[in-house]
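Each chain is listed here by its residues.
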Amino acid sequence: MKAASVRPYVVTWIALIVLLAITCGSSFIPLHGFNLAVNLAVAVAKALLVVVVFMRLFRSAGMVIVVALIAALDLAILVCLTLPDFLARGF
Amino acid sequence: MTPACASLRAADHGPALRVAEQFEEASQQRAAATLGMWIFLATEVMFFGALFFAYSIARYQFPAAFAAASRHTNIVLGTTNTAVLLTSSLFMALAVKCAEEDLRRATVTLLAITGLLGLAFMGIKLTEYALDYRDHLVPAVNFAFDPAYARGALVFFGLYFLTTGLHLVHLSVGIALVALFAWRVARRRPNALADQVDIVGLYWHFVDIVWIFLYPCLYLVSRT
């Protein structure tokens, strides 16, 4: 196996570990409510790295990309339809 | 030999590849298997998505208790485990790459490392459960918490054991699949699916992604 074909995976792994250090380290610094935002942003970034590089989403068949997008859309529908119900109960 | 295997016929693409009769050729079978795994993972997104949603609602309802409860999780073991799982995904991605280049020995080695890292994750997680038990954090078994936050903390640790437990079940299935495929690649079993390490890879990476979201939700709620 050529070194060039391994490099993107190793670079991605380094990025994932750096992001882990950022999310863990930042949680010990008081950011006045932004800790949650940082943690969520880092988690989404890590997930995208895994999906795009390790799972090769955009090098997959068109149908696979459609399935992945539908999964994200279904999750959005789940949240958007259920959340107002909970919020309307006023806790 | 199972009926499914008996119905396999040799394809025209070399003696090592066999294609099930509903497929024209190996590439079509591969595409179908990959798509099937992605569809399964889409259903898993719904499965874990509902749990994350339940977590969000509960955290919104008990913000102070979730902060207090999260401080009782073991951040050293949790962070170590995250690094272990991210590293296992690297080795899995490399195993898939080697499998596609037909480097069988390297594939088996990389799959073995991936599986061992998965086992290491399980070992660390079970150690953590033992510490949680010692600290009286297991709901319905020996739960004891600051009365001011007891109700919300009970919900937090209920979700903690439910989500990490389900993640662990998924990971053990992943380890079993990795072992099975490593064995089949090593034995050169004449079955096109045995060569398709990438579908196990997809599952493994998905289980990694679930943990990527569980980690901040459980360990990093409030550390300042």
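Up top you'll find the structure we're talking about.
Since the model is a prediction, treat every value here as computed from it, not as a measurement. (Residues numbered from 1 in each chain as written. Chains lettered and ligands numbered in written order. Predicted model: local features only at pLDDT ≥ 70, side-chain atom pairs only at ≥ 80, totals over all residues. Heavy atoms only, no water.)

A. Just the overall build of chain B, in detail. Scanning chain B from N- to C-terminus turns up eight helices and two strands. If you list the helices and strands of chain B from N to C, you get α-β-β-α-α-α-α-α-α-α. When the 224 residues of chain B are sorted by exposure, 55% land in the buried category. Relative to all contacts within chain B whose residues are 6 or more apart in sequence, the contacts with residues 24 or more apart total 74%. When the accessible surface of chain B is split by element, carbon and sulfur atoms take 66% of a total near 9,800 Å². (Helix = DSSP H or I, 4+ residues; strand = E, 2+ residues; numbered from the N terminus. Buried < 20%, exposed > 50% of the residue type's maximum accessible area, 1.4 Å probe, protein only. Contact = heavy atoms within 4.5 Å. Areas by Shrake-Rupley, 256 points an atom, 1.4 Å probe, with all protein chains shown as cover.)

B. Structural context of unusual backbone geometry. Residue A:His32 is not a glycine yet carries a positive backbone phi of 55°. Position of A:His32 among the secondary structure elements: in the loop between helix 1 (3–26) and helix 2 (34–54). Notably, B:Ala140 is not glycine yet its phi reads approximately 70°, a positive angle.

C. Seen up close, a nonpolar patch on the surface. Residue and element names in this part refer to chain A. Together, Val44, Leu48, Val52 and Phe58 give the surface a local cluster of nonpolar side chains, amounting to about 370 Å² of exposed area. Considering the arrangement of structural elements, one finds Val52 in helix 2. When its relative accessible area of 35% is taken as the criterion, Val52 is described as partly exposed. (Patch = residues over 30% accessible without salt bridge, like charges linked within 9 Å, V, L, I, M, F, W, Y side chains within 5 Å. Salt bridge = Lys/Arg side-chain N within 4 Å of Asp/Glu carboxyl O.)

D. Region of the structure containing the interface of chain A and chain B. Between chain A and chain B, the residue contacts involve 42 residues of the former and 44 residues of the latter. Both faces combined, the contact of chain A with chain B buries some 3,800 Å², and carbon together with sulfur accounts for 83% of it. The interface formed by chain A and chain B contains one salt bridge. Two residues, B:Glu100 and A:Arg56, come together in a salt bridge whose shortest N-O distance is 2.7 Å. Across the chain A-chain B interface, the total number found is three residue pairs in polar contact (both at pLDDT 80 or more). Here the side of chain A that touches chain B takes 13 residues from helix 3 (residues 62–88) of chain A, the largest share from any one element. Across the side of chain A that touches chain B, the residue classes break down as 33 nonpolar, six polar and three charged. (Buried area = accessible area lost by both parts, 1.4 Å probe. Polar contact = N/O pair within 3.5 Å; in protein donor to acceptor, adjacent residues only side chain to side chain. Nonpolar A, V, L, I, M, F, W, Y, C, P; charged D, E, K, R; others polar.)

E. Broad picture of the side chain of A:Lys46. Relative to the helices and strands, A:Lys46 resides in helix 2. Here A:Lys46 sits buried without a salt bridge, and the closest side chain of opposite charge, B:Asp208, lies 7.6 Å off (N-O distance). Setting aside residues no more than four positions away along its own chain, A:Lys46 makes contact with A:Leu16, A:Leu19, A:Leu20, A:Thr23, B:Thr82, B:Leu86 and B:Ile212. (Lys, Arg positive; Asp, Glu negative; His and termini not counted.)

F. Structural view of the packing of aromatic side chains. Enumeration over the complete set of coordinates arrives at 18 aromatic pairs over all chains. Both rings, one in B:Phe143 and one in B:Phe157, keep their centres 6.2 Å apart while their planes meet at 55°; by these two values the pair is tilted. Here B:Phe157 lies in helix 6 (residues 150–187) and B:Phe143 lies in the loop between helix 5 (104–134) and helix 6, a separation of 14 residues in the sequence. The class of B:Phe143 is partly exposed, set by a relative accessible area of 22%. With a relative accessible area of 0%, B:Phe157 lands in the buried category. Aromatic ring contacts, followed pair by pair, group B:Tyr55, B:Phe66, B:Tyr129, B:Phe143, B:Phe145, B:Phe156, B:Phe157, B:Tyr160 and B:Phe161 into a single cluster. Of note, A:Arg89 hangs over the ring of A:Phe86, and the distance from its end group to the ring centre comes to 5.2 Å. (Phe/Tyr/Trp six-rings, centres within 6.5 Å; stacked < 30°, edge-to-face > 60°. Lys NZ or Arg CZ within 6 Å of the ring centre and 35° of its normal.)

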